[in-house]
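Breakdown of the fold
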There are 2 protein chains.
Amino acid sequence: MYIEKVNSPDDIRGFRMEQLKDLASEIREGLMNRLSKKGGHFGPNFGFVEATIALHYVFHSPVDKMVFDVSHQSYTHKMLTGRKDAYLYDDHFEDVSGYTNPEESEHDLFNVGHTSTSVSLACGLAKARDLRGGKENIIAVIGDGSLSGGEALEGINFASELESNFIILVNDNDMSIAQNHGGLYKNLKELRESNGTCECNLFKAMGLDYRYVADGNKIEALIEAFEHVKDIDHPVVVHVNTVKGKGYKPAETEKENWHWCMPFDAQTGKSKVVTSGEDYESKTCEYLLKKMKADEKVVTVVAAVPTCIGFTEDKRKEAGKQFVDVGIAEEHAVAMVSGIAKNGGKPVFATHSSFFQRTYDQISQDLCVNNSPATLLVNTASVYGMNDVTHLGIYDIPMMSNIPNLVYLAPTNCEEYFAMLDWSIEQNQYPVAVRIPCNGVIHTDKPVDTDYSNLNKYQMTQQGTEIAVIALGDFYQIGEKLTELIFEKTGTTATLINPRFITGMDEEMLERLKENHSKVITLEDGILNGGFGEKITRFYSSSDMKVYNYGLKKAFIDRYSVEDVLEQNHLKPELILKDI
Amino acid sequence: MYIEKVNSPDDIRGFRMEQLKDLASEIREGLMNRLSKKGGHFGPNFGFVEATIALHYVFHSPVDKMVFDVSHQSYTHKMLTGRKDAYLYDDHFEDVSGYTNPEESEHDLFNVGHTSTSVSLACGLAKARDLRGGKENIIAVIGDGSLSGGEALEGINFASELESNFIILVNDNDMSIAQNHGGLYKNLKELRESNGTCECNLFKAMGLDYRYVADGNKIEALIEAFEHVKDIDHPVVVHVNTVKGKGYKPAETEKENWHWCMPFDAQTGKSKVVTSGEDYESKTCEYLLKKMKADEKVVTVVAAVPTCIGFTEDKRKEAGKQFVDVGIAEEHAVAMVSGIAKNGGKPVFATHSSFFQRTYDQISQDLCVNNSPATLLVNTASVYGMNDVTHLGIYDIPMMSNIPNLVYLAPTNCEEYFAMLDWSIEQNQYPVAVRIPCNGVIHTDKPVDTDYSNLNKYQMTQQGTEIAVIALGDFYQIGEKLTELIFEKTGTTATLINPRFITGMDEEMLERLKENHSKVITLEDGILNGGFGEKITRFYSSSDMKVYNYGLKKAFIDRYSVEDVLEQNHLKPELILKDI
């Protein structure tokens, strides 16, 4: 095998064309080995094998610098830069993350997991190079799906100002995570169909030189194109047409399903993960479909991750015009739902907690300053959510709950979640965000409130004395266990409170607690800094009440075990009891 | 006068062309009256008089709906929609804000003060219209300067998916606040020079129909174009070439200086505002220029507001390649400075507190996850800053200080500010943000620390007992006065602490305070929720220390008097003393 001899990109530069092609096959075998057993980004990586080989054949990393947008197509790069073992050998799977990572290799410049950032990051590398008179090539790799993101478009617009070496490699596989959305994709199609020759050209319209490679899975063509632009003295776009999922039939055919995969049987393509029971994705989808059918003013909006609320292709078709995927464009999505709400619609925008970060200003200015009654559904907003450092869902409480006018709700079970969502869609007074539970579908047989318009009213679910536990959202169940343990160990019936509202305080209830409680414990599923518990603490700060805030430490954490993190932060009933 | 009879757009529809032209002159007189006495956005409004008249002549607001990007060109719209008195008569100046405002008129759909939002907001209006089968025209007005912003580009890309009536009116005056930056402006130039006929066309490349109006200050041409697109059944861009500052020679000549104005003498164009003494804009510029001359790796980056740190045109020329204005593109700016820092440069990015909101995810992901040692300079981050609801600088502490890895510094005087800035530029361990003081240039004759690498060490500036006052940044001087008052009234020497670090706690010092203090008072120039004081409160929450947090209430406030806000929040030494 050639791949076994490749420990750095230098090792492939002596290869003949046939050897490079064999290497491509071996790399796909390595990818298949890891992805079928561990899962990961499938389609984009399978499509970008040849382009990565050609990149490392022509350019000299790490002197020449490559930035891979969102890292979805960086696996071959990892294999060629000393990390092949993590793909070839099962016991080395944990050597690497799913994203570029400077801690792994000097060939990785940045830790990247959000889309649309590569051009701007690479512009910075180029600017610093120019200031010190350097000569290395700077290459930003970006997929067509990422082009619709504001940061990418800002970067592409700016790039032409560099007036020095700068190469933007557009990996066009005619797909985002799901299908692409927006007018620029018509232009990419026109460019592909005219072999890059049509006069109207988005990249030229943004001031950039341009070159097209029709067969982006043909190493010869790629090497020729890259050699042509190597050491170029101005910014250029190399537009490469690749096949998403190339080399694995199921992935070439079912592109959306194979963007990302769980472990699967390589022979059949069937997933090995047996999902059983309920999940919030399909329950949310079911609810929204029903809602939309009953009311034509309800509209569901997503930004390139439709399945985060269960909207697979068939469900999207079912929803018709009442379902809008804006593509990777979270800023646009939030401003648009504000506009929909202002003109009488009932919009719901859903994405992951981590991706709401991409639209802070729109939440503040377009939505909350204007008090538009739109609903934001915040997914994987939890320590139980995604655990890659670039996708953490533990920061949205400080980020969103301190924005004025927003009503941010944290349900504690399935029935409460849908009651909150339903109330939010039907009310017309407030911008509302709802955290989708992330600790499994937990049901209650107790009645849940259907009206949340009397803001900031907490719910006392167990009246006790001495100790009050205020347990927010997904951590409500920890609160339940804690009060049980307190009773068991001390005989004291502690008070248990479901606060429901992240964005406000039930001052009346908190005041009343002073009468027969000396300790208040808060629990929240997110970092403590700037979060929910600190506000409770401030309420009591000049009183005699002792307050204990439990949540996560402010830090970036990567590929963690939930149990470890809960343990480290004392988020276990027995540890809390010991503390107090 | 015609304008005196115009109480709604209906009133101009019977006007003959000559009357419309006279109306335009009268409107400019009204604008001149207000702007010369009160200040405001000059150039964009003078350039957009005819286009606004034509808009209201052709379309039927408020049934047809217009969204004015950033509101910089909305004054004529206000005059034609029942608010002329606020321009014609001095005693009505306070009737209106400088931005569109639904509280003023049903013709204003949104409160808008940040750029690049109109297309997305209007897309939402259009989507809601389509869902209910409405037929009204939806018009998004956007200036060429705003086109470089990510939200605008996301919106324009998405617009073509609407497949229904949607009109984007691009007001191209060939200027941003300062000059435009980015490749798309080459295309706008080509379009202007080819009378809109060149094949390569940014808007067509984004899937949109297109129409050009060469003389955007000629009412006939505008009416013709608008009548052509009225009730159109698909999205279209009407690209209108206007003259910024049209009708006032100084503004037509000195476009950047006349984008926005303070009160001035209408005869001479000379500002009536006499500035005396020092200011942080020019001091920061002076410092950075010196720094850049001494070290070619230092680079100053701004996003369309170069004068927020004093970089007027001559200073920008002086800085040469070491000064980069990215245009309205804050996301790109922050990602780029991360890239610059990673490749050995020493970047400083400055903008207003309110505009940092536009780049939350880049601060988190591109900068802080990657721990890039870049410097962010946060301007007008204070209750003493801008007081329009869309430009408030009182939210950056909760927004930024809860992002892991960031070191956020709050200087208490001029010498400390420059020491912090200098340390930040020279260190290579942390992403650092520094709040530019906003309470006047206050000097100290005491030595200030030059090294802040020992993170989170607070400075005790007065050692006392019983009461400790922790006074952050701009509110340090309130802290000084408070300790003086405490001594005067009670004879107690209170402890005074300059915490310096917003992002961390000096646990050792806080612990020590327990020995001989019973009360801690925190002061911060921003909202309390998610802010600095709550963290101090959390530190003491299970101890006997009583803590009192002073700062601002979480709310959107508009055109406030600083004194009133300080009073309402008890941010006065005598009120605090009374409280405790």
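Presented here is an overview of the structure given in this document. (Residues numbered from 1 in each chain as written. Chains lettered and ligands numbered in written order. Predicted model: local features only at pLDDT ≥ 70, side-chain atom pairs only at ≥ 80, totals over all residues. Heavy atoms only, no water.)

Things to note about helix α6 (residues 118-131) of chain A
All names here are of chain A. Across its 14 residues, α6 extends 20 Å between first and last C-alpha, which sits within 8% of the 20 Å expected from 1.5 Å per residue. The element α6 is largely enclosed, with a buried count of 13 among its 14 residues. Once α6 finishes, Gly-133 follows within two positions and takes phi at roughly 70°, a positive value. (Helix = DSSP H or I, 4+ residues; strand = E, 2+ residues; numbered from the N terminus. Expected span 1.5 Å × (residues − 1). Buried < 20%, exposed > 50% of the residue type's maximum accessible area, 1.4 Å probe, protein only.)

Some points on the sheet that holds strand β6 (residues 235-241) of chain B
Residue and element names in this part refer to chain B. Read from one edge to the other, the open sheet built from five strands follows the order β2-β3-β4-β6-β5, with strand pairing classed as parallel. The open sheet has two edge strands, β2 (65-68) and β5 (209-213), and neither has a second partner. Between one strand axis and the next, the sheet turns by 20° as a mean value, whatever way the strands run. In this fold helix α10 (residues 219-229) packs onto β4 (166-172), β5 and β6, with an angle of close to 165° to the strand it touches most, β5. (Pairing = 2+ DSSP bridges. Axes fitted to C-alpha atoms, helices over the stretch in contact; angles between N-to-C directions. Contact = heavy atoms within 4.5 Å.)

So, the side chain of A:Glu26
Looking at the element boundaries, A:Glu26 is found in helix α1 (residues 17-38). Non-local contacts of A:Glu26, meaning those with residues more than four positions away in its chain, are made with A:Met1, A:Tyr2 and A:Ile3.

Re the interface of chain A and chain B
In this complex, chain A contributes 110 residues to the contact, which on the side of chain B involves 109 residues. For chain A, the biggest contributors to the area lost against chain B are A:Glu154, A:Asn343 and A:Phe556; these three give 8% of the whole. Our count for the contact surface shared by chain A and chain B stands at ten salt bridges. Across the pair A:Lys535 and B:Glu534 runs a salt bridge whose closest N-O atoms are separated by 3.9 Å. Here the residues of the side of chain A that touches chain B sort into 41 nonpolar, 41 polar and 28 charged. (Buried area = accessible area lost by both parts, 1.4 Å probe. Salt bridge = Lys/Arg side-chain N within 4 Å of Asp/Glu carboxyl O. Nonpolar A, V, L, I, M, F, W, Y, C, P; charged D, E, K, R; others polar.)

Description of the environment of B:Ile536
All names here are of chain B. Positionally, Ile-536 belongs in helix α21 (residues 533-539). Ile-536 gets classed as buried once you look at its relative accessible area, which sits at 0%. Through-space distance from the C-alpha of Ile-536 to that of Thr-307 is 36 Å; in sequence the pair is 229 residues apart. Each residue touching Ile-536, except ones within four places of it in the same chain, is listed here: Tyr-458, Ile-470, Met-505, Leu-510, Val-520 and Thr-522.

What to know about the packing of helix α7 (residues 150-159) of chain A against helix α7 (residues 150-159) of chain B
Relative orientation and spacing of two packed helices are given, respectively, by the angle between their axes and the distance between those axes. With their axes 8 Å apart at the nearest point, α7(A) and α7(B) run at an angle of 105° to one another. Considering their axes alone, α7(A) and α7(B) lie roughly perpendicular with respect to each other. Note on element contacts: α7(B) touches α7(A) through B:Gly150, B:Leu153 and B:Glu154, opposite A:Gly150, A:Leu153 and A:Glu154. Taken together, the residues of the contact of α7(A) with α7(B) break down into two nonpolar, two polar and two charged. (Parallel < 35°, antiparallel > 145°, perpendicular 65-115°, else oblique.)

Focus on a nonpolar patch on the surface
A cluster of nonpolar side chains, A:Trp260, A:Met262 and A:Val273, forms an exposed patch at the surface whose accessible area comes to about 270 Å². Within the secondary structure, A:Met262 sits in the loop between β7 (260-261) and α12 (280-294). (Patch = residues over 30% accessible without salt bridge, like charges linked within 9 Å, V, L, I, M, F, W, Y side chains within 5 Å. Areas by Shrake-Rupley, 256 points an atom, 1.4 Å probe, with all protein chains shown as cover.)

Observations concerning the pattern of salt bridges
For side chains of opposite charge, pairing can occur when their charged atoms come near one another. Residue and element names in this part refer to chain A. As enumerated under the stated definition, the model contains 72 salt bridges over all chains in all. One salt bridge connects Arg-129 with Asp-130, and the closest N-O pair in it is separated by 2.9 Å. Owing to a relative accessible area of 1%, Arg-129 belongs among the buried residues under this scheme. A relative accessible area of 30% means that Asp-130 is categorised as partly exposed. Of the charged contacts, one joins Arg-435 and Asp-396 as a salt bridge, the two residues approaching to 2.9 Å between their closest N and O atoms. In this pair, Arg-435 sits in strand β13 (residues 432-435) while Asp-396 sits in helix α17 (residues 396-401), placing the two residues 39 residues apart along the sequence. The buried category is assigned to Asp-396, whose relative accessible area is 1%.

Looking at the sheet that holds strand β3 (residues 138-143) of chain A
All names here are of chain A. The strand order across the open sheet built from five strands is β2-β3-β4-β6-β5, with neighbouring strands paired in parallel fashion. The open sheet has two edge strands with one neighbour each: β2 (65-68) and β5 (209-213). Between one strand axis and the next, the sheet turns through 20° on average, direction left out of account. In terms of strand pairing, β3 meets strand β4 (residues 166-172) through five bridges, oriented parallel. Across the sheet, the residue bridging to Gly-143 is Asn-171, located in β4.

Digging into the nonpolar core
Among the nonpolar cores identified, the biggest contains 232 residues, and A:Phe166 and B:Phe166 are the most heavily contacted of them. Setting aside anything within four residues of it in sequence, one finds B:Phe166 in contact with B:Val119, B:Ala122, B:Cys123, B:Ala126, B:Ile138, B:Ala140, B:Ala159, B:Ile232, B:His234, B:Pro235 and B:Val236. (Core = buried A, V, L, I, M, F, W, Y, C linked by side-chain atoms within 4.5 Å.)

Focus: the packing of α1(A) against helix α4 (residues 75-83) of chain A
Residue and element names in this part refer to chain A. Relative to each other, α1 and α4 sit at 110°, their axes nearing to 11 Å. The orientation of α1 relative to α4 falls into the category roughly perpendicular. Crossing hand, α1 versus α4: right-handed. For the pair formed by α1 and α4, the contact residues are Leu-23, Ile-27, Gly-30, Leu-31 and Leu-35 on the first element and Tyr-75, Thr-76, Met-79 and Leu-80 on the second. (Left-handed = near helix turned anticlockwise from the far one by under 90°.)

Digging into the packing of aromatic side chains
Inspection of the entire model under this criterion finds 45 aromatic pairs over all chains. Their ring planes at 65° and their centres at 5.0 Å tell us that B:Phe42 and B:Trp258 sit as a pair that is edge-to-face. Of this pair, B:Phe42 sits in the loop between β1 (40-41) and α2 (43-47) while B:Trp258 is found in the loop between α11 (249-253) and β7 (260-261), placing the two residues 216 residues apart along the sequence. Comparing B:Phe42 with B:Trp258 shows no difference in burial state: the two are buried. With a centroid separation of 6.0 Å and 15° between ring planes, the pair formed by B:Phe203 and B:Tyr210 is classed as stacked. B:Tyr210 matches B:Phe203 in its accessibility class, with the two residues each being buried. One aromatic cluster is present, built from ring pairs that chain together A:Phe42, A:Phe46, A:Tyr248, A:Trp258 and A:Phe264. The ring of A:Tyr87 is capped by A:Arg34, whose NZ or CZ atom sits 5.1 Å from the centre of that ring. (Phe/Tyr/Trp six-rings, centres within 6.5 Å; stacked < 30°, edge-to-face > 60°. Lys NZ or Arg CZ within 6 Å of the ring centre and 35° of its normal.)

Details of unusual backbone geometry
Residue and element names in this part refer to chain A. Here the amide bond leading from Ser-61 into Pro-62 is cis, since omega sits at 10°, within 30 degrees of zero. Following the sequence through the fold, Pro-62 ends up in the loop between α3 (49-58) and β2. At Asn-405, a position not held by glycine, the phi torsion is positive, near 75°. Following the sequence through the fold, Asn-405 ends up in the loop between α17 and β12 (407-409). Classification of Asn-405 as partly exposed rests on a relative accessible area of 33%.

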